[in-house]
Amino acid sequence: MRLNAIQTLIILLAITVGTVITRFLPPILFPHGKPLPKFLQELCTLLPPAMMGLLLVYSLRNVSFASAGQWLPECIAIAVTAGLHLWRRNSLLSIAGGTITYMLLVQVAFA
């Protein structure tokens, strides 16, 4: 399906408005000096672990446990990711370490 110029401009305008709203509305609603509302404070503590759990389930949704070669690389990479994060508390290091471990295992060890 091809879009004409008007449709393209409408889509670009919608994207621009959405971006502007998400960038400028939070500082207006929640100024720097005022405390956050209680529900937002709770969300700030609950959402990161919930998102990690969601990503874990999503990542493992198609894993087959028929043979060790099909699930062992994922489990080792998850353990490496969790270990790196508990050790250094650095998300970038954890993500990179887990990804590199998984790719090495899949491409070399369990190929």
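Residues numbered from 1 in each chain as written. Predicted model: local features only at pLDDT ≥ 70, side-chain atom pairs only at ≥ 80, totals over all residues. Heavy atoms only, no water.

Draft legend 1. Region of the structure containing the overall build of the protein chain. What the protein chain contains, in helices and strands, is four helices and zero strands. Secondary structure elements in the protein chain, listed N-terminal to C-terminal, are α-α-α-α. Taking 2.2 N^0.38 as the reference for a compact globule, 111 residues should give roughly 13 Å; the C-alpha atoms of the protein chain span a radius of gyration of 21 Å, well beyond that estimate. In terms of its C-alpha atoms, the protein chain occupies a principal-axis envelope of roughly 50 × 50 × 25 Å. Buried positions account for 10% of the 111 residues belonging to the protein chain. Relative to all contacts within the protein chain whose residues are 6 or more apart in sequence, the contacts with residues 24 or more apart total 30%. (Helix = DSSP H or I, 4+ residues; strand = E, 2+ residues; numbered from the N terminus. Rg over C-alpha atoms; globule rule 2.2 N^0.38 Å. Buried < 20%, exposed > 50% of the residue type's maximum accessible area, 1.4 Å probe, protein only. Contact = heavy atoms within 4.5 Å.)

Draft legend 2. Expanded view of a nonpolar patch on the surface. Together, Leu-13, Val-17, Val-20, Ile-21, Phe-24, Leu-25, Ile-28, Leu-29, Phe-30 and Leu-36 give the surface a local cluster of nonpolar side chains, amounting to about 930 Å² of exposed area. Its place among the elements puts Leu-36 in the loop between α1 (5-29) and α2 (38-59). (Patch = residues over 30% accessible without salt bridge, like charges linked within 9 Å, V, L, I, M, F, W, Y side chains within 5 Å. Areas by Shrake-Rupley, 256 points an atom, 1.4 Å probe, with all protein chains shown as cover. Salt bridge = Lys/Arg side-chain N within 4 Å of Asp/Glu carboxyl O.)

Draft legend 3. Spatial organisation of unusual backbone geometry. You will see that Arg-89, though not glycine, has its phi angle at about 55°, which is positive. One can find Arg-89 in the loop between α3 (68-88) and α4 (91-109). The exposed category is assigned to Arg-89, whose relative accessible area is 59%.

Draft legend 4. Fine view of the packing of aromatic side chains. The final tally for this structure, using the stated rule, is one aromatic pair. Both rings, one in Phe-65 and one in Trp-71, keep their centres 6.2 Å apart while their planes meet at 35°; by these two values the pair is tilted. A relative accessible area of 61% places Phe-65 in the exposed class. Look at Trp-71 and you get partly exposed, because its relative accessible area is 28%. One Lys or Arg, Arg-61, reaches over the ring of Tyr-58 and ends 4.0 Å from the middle of that ring. A cation over a ring is seen here: Arg-88 above Trp-87, with NZ or CZ 5.1 Å from the ring centre. (Phe/Tyr/Trp six-rings, centres within 6.5 Å; stacked < 30°, edge-to-face > 60°. Lys NZ or Arg CZ within 6 Å of the ring centre and 35° of its normal.)

Draft legend 5. Here's a closer look at the side chain of Thr-101. For Thr-101, the location among the structural elements is in helix α4. When near neighbours in sequence (up to four residues on either side) are disregarded, Thr-101 contacts Ile-76, Ala-77 and Val-80.

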